[in-house]
Amino acid sequence: MTKTIIVTGGAGFIGSNFIFYMIDKHPDYRFICLDKLTYAGNLSTLTPIMDKPNFRFVKADICDRTAVFNLFEEEKPDVVVNFAAESHVDRSIENPGVFLETNIMGTAVMMDACRKYGIERYHQVSTDEVYGDLPIDKPELLFTEMTPIHTSSPYSASKASADLLVLAYHRTFGVPITISRCSNNYGPYQFPEKLIPLMIANALNDKSLPVYGEGLNVRDWLYVDDHCKAIDLIIHNGRVGEVYNIGGHNEMRNIDIVKLICGALGKPESLITYVTDRKGHDMRYAIDPTKIHNELGWLPETNFADGIKLTIDWYVNNRPWWQEIISGDYQYYYERMYGNR
Ligand code: NAD
Ligand code: DAU
């Protein structure tokens, strides 16, 4: 049966990969991408699908109640997948306000629209960062869906607040929701402020590679397509009111990733520079994905060796996409963030 799906934040990294995956997998569905096109949104990313008859792009802010309600009135969506967010931890440390606005108030507007117009499913794309961090010396500890919320940054606090709001709208108003909490994604179209694309872009430009602290923090990396597949499964078969963790049992230290990128690009490790650590820096993230595996049969399909090769090749072969970004306002960001670090 056909469906109309609103994807918010679809001009960003994961949202665009999700639309590409879904439009291919469900050619009979209609997709509406609602995106404010902040610094992180890139309309050119969506060029390959812009003219498809089952795709529509709408430039709007999820905090804009009138715009969101008008879109629901017009499109009568069956499903909403909310990717739209301010997503970068360092920026949340610099300026928390916009994170509270978009991530919390924007989610509230989306929930109100779902409540007013009725919906088959609202899916909130959340993050493993809502659980805080884990110690390095206890590798047996993993985040499960029962792990208490315990946030560290304004970003993760805003995402956790949104999760609580979504759960409250389910319990109080019966809005049919699901939530996913995924670990670190990597892949094509990731904005070069995040670790992997930043290091690839800098290495290709023979610029220094700024590793925070000693580079010993651990992240659980997942290829973006595997995240998209998990969300597809959850919106179709996930149980209403449930939270699903998504992660690939692929824990790696930052320094090992950066060295791997140097090796793959034939660049010297002498480019690596240790810089002042991020404030409140979470030490380790690690997801237990047993629930989504047992209930929905999800397993990651791309191992890290293949995924990082695909990703590096993509950045090598799509220089205009990221060069355009780093030649603009990004330079001011880079100077503010790394200039005196
Ligand atoms: P991103 O920063 O690349 O993209 C965010 C998109 O949202 C952009 O297109 C931006 O224009 C849009 N947006 C921002 N504010 C908006 C607003 N007020 N109204 C409408 N659109 C707005 O982010 P991403 O890395 O693709 O992350 C997408 C979602 O997944 C986020 O909710 C993030 O918290 C979550 N998440 C990300 C990761 C990761 O590793 N990147 C992992 C787990 C969860
Ligand atoms: O875990 C999921 C989260 O992963 C998502 O919710 C966030 O939206 C996403 O940005 C990501 O958060 P991180 O803070 O883990 O990702 P980031 O790429 O910013 O950093 C990854 C690690 O690399 C972290 O330990 C900080 C470090 N780092 C990052 C940058 C940008 C560096 O050492 N140097 C850098 O220049």
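For the structure itself, consult the block above.
Here is a short report on the structure shown in this document. Quantities reported herein were computed from a predicted structural model and do not represent experimental measurements. (Residues numbered from 1 in each chain as written. Chains lettered and ligands numbered in written order. Predicted model: local features only at pLDDT ≥ 70, side-chain atom pairs only at ≥ 80, totals over all residues. Heavy atoms only, no water.)

## So, the packing of aromatic side chains
In step 1: Under the defined criterion, the tally for this structure stands at 22 aromatic pairs.
In step 2: Where Phe99 meets Tyr155, the ring centres are 6.3 Å apart and the plane angle is 85 degrees; that geometry is what we call edge-to-face. Residue Phe99 is located in helix α4 (residues 97–117), and its partner Tyr155 is located in helix α5 (residues 154–173); the two are separated by 56 residues in the primary sequence. There is no split in this pair, since Phe99 and Tyr155 are both buried.
In step 3: Here the aromatic rings of Tyr186 and Tyr223 are separated by 5.5 Å at their centres, their planes lie at 65 degrees, and the arrangement is edge-to-face. Of the two residues, Tyr186 sits in strand β7 (residues 185–186) while Tyr223 sits in strand β10 (residues 222–223), which places them 37 residues apart along the sequence.
In step 4: On the basis of relative accessible area, Tyr223 is assigned to the buried category, the value being 7%.
In step 5: Ring-pair connections join several aromatic residues into one group, and the members of that group are Tyr39, Phe191, Tyr212, Tyr330, Tyr333, Tyr334 and Tyr338. (Phe/Tyr/Trp six-rings, centres within 6.5 Å; stacked < 30°, edge-to-face > 60°. Helix = DSSP H or I, 4+ residues; strand = E, 2+ residues; numbered from the N terminus. Buried < 20%, exposed > 50% of the residue type's maximum accessible area, 1.4 Å probe, protein only.)

## Focus: the packing of helix α8 (residues 254–265) against helix α10 (residues 304–317)
A packed helix pair is summarised by two numbers, namely the angle formed by the two axes and the spacing between the axes.
In step 1: Close contact between α8 and α10 brings their axes to 11 Å; oriented N to C, the two are set at 60 degrees. Put simply, α8 runs oblique to α10. Where α8 crosses over α10, the two elements pack in a sense that is right-handed. Residue-level inspection shows Ile257, Leu260, Ile261, Ala264 and Leu265 of α8 in contact with α10, the latter providing Phe304, Ile308, Ile312 and Val316.
In step 2: In terms of residue class, the contact of α8 with α10 is made up of nine nonpolar, no polar and no charged. (Axes fitted to C-alpha atoms, helices over the stretch in contact; angles between N-to-C directions. Parallel < 35°, antiparallel > 145°, perpendicular 65-115°, else oblique. Left-handed = near helix turned anticlockwise from the far one by under 90°. Contact = heavy atoms within 4.5 Å. Nonpolar A, V, L, I, M, F, W, Y, C, P; charged D, E, K, R; others polar.)

## Points about the site of ligand 1
In step 1: Among the 28 residues in the neighbourhood of ligand 1, the closest are listed as Ile14, Asp35, Ser87, Tyr155 and Lys159.
In step 2: Separating an oxygen atom of ligand 1 from a backbone N or O atom of Phe83 is a distance of 3.0 Å.
In step 3: A distance of 2.6 Å separates an oxygen atom of ligand 1 from a polar side-chain atom of Lys159.
In step 4: Out of a free accessible area of 840 Å², ligand 1 has 97% covered by protein chains.
In step 5: The leading source of residues in the shell around ligand 1 is strand β5 (residues 121–127), at three residues.
In step 6: The residue makeup of the shell around ligand 1, split by class, is 13 nonpolar, eleven polar and four charged. (Near = heavy atom within 4 Å. Polar contact = N/O pair within 3.5 Å; in protein donor to acceptor, adjacent residues only side chain to side chain. Areas by Shrake-Rupley, 256 points an atom, 1.4 Å probe, with all protein chains shown as cover.)

## What about the pattern of salt bridges?
In step 1: Applying the stated criterion across every chain yields a total of 20 salt bridges.
In step 2: When the shortest N-O distance is used, the salt bridge between Glu301 and Lys229 registers 2.9 Å. Here Glu301 is found in the loop between α9 (290–296) and α10, whereas its partner Lys229 is found in helix α7 (residues 224–237), with 72 residues between them in sequence.
In step 3: One salt bridge in this structure joins Glu295 and Arg239, with 2.6 Å as the shortest N-O distance. Of this pair, Glu295 sits in helix α9 while Arg239 sits in the loop between α7 and β11 (243–246), and the two are 56 residues apart along the sequence.
In step 4: According to the relative accessible area criterion, Glu295 is partly exposed, its value standing at 34%.
In step 5: Through salt bridges that share partners, Arg30, Arg56, Glu74 and Glu75 make up one connected network. (Salt bridge = Lys/Arg side-chain N within 4 Å of Asp/Glu carboxyl O.)

Read these as layout, nothing more, since geometry by itself doesn't imply function.
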